[in-house]
Each structure stands twice: as C-alpha cells, then as structure tokens.
Amino acid sequence: MINYLWGIMIISGMGYAILTGHGKEVGIAAIDSSKEAIELCIAMLGVMGLWMGLMQIAIKSGIMKKLTQGLNPVIKMLFPTLPADSNAREYITSNFVANILGLGWAATPVGLKAMKELKGLNNDSEEASIDMCTFLIINISSLQLIPINVITYRSQYGSANPSSIIGYAIIATAVSTLAGVLFSTIARKISSKE
C-alpha cells in the first residue's frame, strides 16, 4: 500500500511540475538530491562503523552486561508477566541500551529477536500480546542520551555546533518515553480487568 502512495505522490508531483513549467527544476533537484543522499549514506556508514565498533568493545568488556543488569528492575516493572529466564528479557534490555546510546542500528537486530521471543511466549498468536505492544511502544519512543543520527545529519549539512541538539534530544525523548510507559501501564491495567 505504501508503495502505491509513494508512486502516486511522485507521479502527481512530476505531473504538476511539468504542467506548471517547472519540469527542469524538478529534474535538477532530483539529481542533486540523489547525490546528496549518497554522500549522507557514506557519512552515516562511517559513523555507524565507529559506534558499532564501540558497541562491540562494550559487549566484550562487560559494560553492556552491567548496563543490562542495571536495567533489570525497569524491565521487571514494564514486563511483569515476562518469565525471568526468557531470552526476550536479554534482547529487550540490549535493545533499550542500544537505543539509549543512540545506536538504532544495533538496536534493530536485537529488537527483532526480542519480538520473535515475545511472539513465542504468546503461543505464536497473530494477535500481539500486551508485552509485545509495550516493547514496541517503548522501542519507538526511544530515550536517547546521544542522538548520533541527528548529530551526523547536522554535521553533514554544515552546522556550526552539531552536538548542541543533545540537551533538547534528551528532553524530547525522555518525554516521549515517559508517555509511552504511561500509556503501556494504563493499557496493561485495562487489559488485566477485561
């Protein structure tokens, strides 16, 4: 469905540009944007390589394990029905830590593994469990202490101080995460009454 929407928007935009005599400008913008997209991808690959390397060092040095243990009380509060011996607990915690550190690239694979484990705990039902919904909500709201992507974008586009966004990003993601936790808690209470 989304492919059709994108197709309609692109065709409509190009059609409108041609009808209004701006076809040349659209063509130039498309070529320039393509070049910019490749340059941005190359910059992001470098940053991603650096942070993924740091993540591997954190894993091998035991830092990730300590962070995971530190988050256990939070995981128990957010997922009270999750068995203590479940692999999902480890995957969820790793996902949260990676997101907090701004490593969305590292968070995605463990997030998918966590969701697979949660689905297994839900008897492979096609209907999402409350734990699955909670995980998804908190993963999407994603508290971040270091917004790597935004800093990289700002640097790529010539910001004088790319990291000046950190304070604002912490506030914004803290508020969104708090809203996600509140929503999940309320939904869990409503679901348990039904």
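This write-up is about the structure you can find in this document. None of these values were measured; they are calculated from a predicted model.

## What to know about the overall build of the protein chain
Within the protein chain one finds eight helices and zero strands. Going from N to C terminus, the protein chain has its helices and strands arranged as α-α-α-α-α-α-α-α. Projected onto its principal axes, the C-alpha positions of the protein chain cover 65 × 40 × 30 Å. For the protein chain, restricting intrachain contacts to residue pairs at least 6 apart in sequence, the fraction spanning at least 24 positions comes to 62%. About 12,700 Å² of surface is accessible on the protein chain, with carbon and sulfur atoms providing 68% of the total. Separation of charge centres in the protein chain, based on 14 positive and 12 negative side chains, amounts to 10 Å.

## Brief notes about the environment of Met14
Within the secondary structure layout, Met14 lies in helix H1 (residues 2–19). On the basis of relative accessible area, Met14 is assigned to the partly exposed category, the value being 45%. The spatial distance from the C-alpha of Met14 to the C-alpha of Ile28 is 12 Å, given a sequence separation of 14 residues.

## Examining helix H3 (residues 63–78)
With 16 residues, H3 extends 23 Å from end C-alpha to end C-alpha; this agrees with the ideal 22 Å at 1.5 Å per step. At Asn72, H3 is bent by approximately 40 degrees, the largest bend along its length, and proline Pro73 sits one to four residues beyond. Among the residues of H3, Met64, Thr68, Leu71, Ile75 and Leu78 are the ones counted as buried. Elements in contact with the buried residues of H3: helix H2 (23–61), helix H4 (87–100), helix H6 (130–141) and helix H8 (166–193).

Thresholds applied
- Residues numbered from 1 in each chain as written.
- Predicted model: local features only at pLDDT ≥ 70, side-chain atom pairs only at ≥ 80, totals over all residues.
- Heavy atoms only, no water.
- Helix = DSSP H or I, 4+ residues; strand = E, 2+ residues; numbered from the N terminus.
- Contact = heavy atoms within 4.5 Å.
- Areas by Shrake-Rupley, 256 points an atom, 1.4 Å probe, with all protein chains shown as cover.
- Lys, Arg positive; Asp, Glu negative; His and termini not counted.
- Charge placed at Lys NZ, Arg CZ, Asp CG, Glu CD.
- Buried < 20%, exposed > 50% of the residue type's maximum accessible area, 1.4 Å probe, protein only.
- Expected span 1.5 Å × (residues − 1).
- Bend = angle between axes of the 7 residues up to and from the residue.

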